[in-house]
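# Coordinates in review
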Amino acid sequence: MTKSRKKHRDPLPEEFNSLEEAGEFWDTHSLMDYQEHLEATDDTIEITERVFEIQIAEDVFKKLQREAISHNQSVPIVVDRILRKELA
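All values derive from a computational prediction rather than experimental measurement. (Residues numbered from 1 in each chain as written. Predicted model: local features only at pLDDT ≥ 70, side-chain atom pairs only at ≥ 80, totals over all residues. Heavy atoms only, no water.)

This part is about unusual backbone geometry. Of all residues except glycine, most have a negative phi; of all peptide bonds, most are trans. The backbone phi angle of N72 is positive, close to 55 degrees, even though this residue is not glycine. Here N72 is to be found in the loop between α2 (58-70) and α3 (75-87). (Helix = DSSP H or I, 4+ residues; strand = E, 2+ residues; numbered from the N terminus.)

This part covers the packing of α2 against α3. Orientation of α2 relative to α3, taken along the N-to-C sense of each, is 100 degrees, at an axis distance of 9 Å. As far as their axial angle goes, α3 and α2 are roughly perpendicular. For the pair α2 and α3, the contacting residues are F61, L64, Q65, E67 and A68 in the first and V75, V78, V79, R81 and I82 in the second. Considered class by class, the residues forming the contact of α2 with α3 number seven nonpolar, one polar and two charged. (Axes fitted to C-alpha atoms, helices over the stretch in contact; angles between N-to-C directions. Parallel < 35°, antiparallel > 145°, perpendicular 65-115°, else oblique. Contact = heavy atoms within 4.5 Å. Nonpolar A, V, L, I, M, F, W, Y, C, P; charged D, E, K, R; others polar.)

To continue, consider the packing of aromatic side chains. All chains considered together, the criterion is met by four aromatic pairs. Ring-pair connections join several aromatic residues into one group, and the members of that group are F16, F25, W26 and Y34. (Phe/Tyr/Trp six-rings, centres within 6.5 Å; stacked < 30°, edge-to-face > 60°.)

Quick look at the layout of surface pockets now. In this model, the largest pocket occupies a volume close to 630 Å³. As for the largest pocket, its lining consists of 18 residues, of which F52, P76, V79, D80 and L83 are closest to the centre. Among the elements of the structure, α2 and α3 are those that each provide at least two residues to the lining of the largest pocket. Looking at the lining of the largest pocket, the element that brings in the most residues is α3, giving eight residues. Taken together, the residues of the lining of the largest pocket sort by class into 13 nonpolar, no polar and five charged. (1 Å grid on protein atoms, 1.4 Å probe; cavity = no way out; pocket = protein on both sides within 12 Å on 5 of 7 lines; lining within 4 Å. Points joined across faces, edges and corners; volume = space filled by probe spheres on them.)

Okay, here's the thing in structure tokens:
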């Protein structure tokens, strides 16, 4: 005789008190387990900006990190600023 096992699933909260709380929930749960709560929509998403990933040497990245820390910015912002200046 084969027992069918039902996967334990936490109830979906009615609402989250913060974005952090929602993030913590979805970091540990799969949307596929809550499909019955999904609703179709006619929303259209327009991508207005593309982001590209590039490879750089580790020593260059470490310099970028130091630059970012000294300006209290993220590495991507520093890279963007440097490239825009150099390519202008």
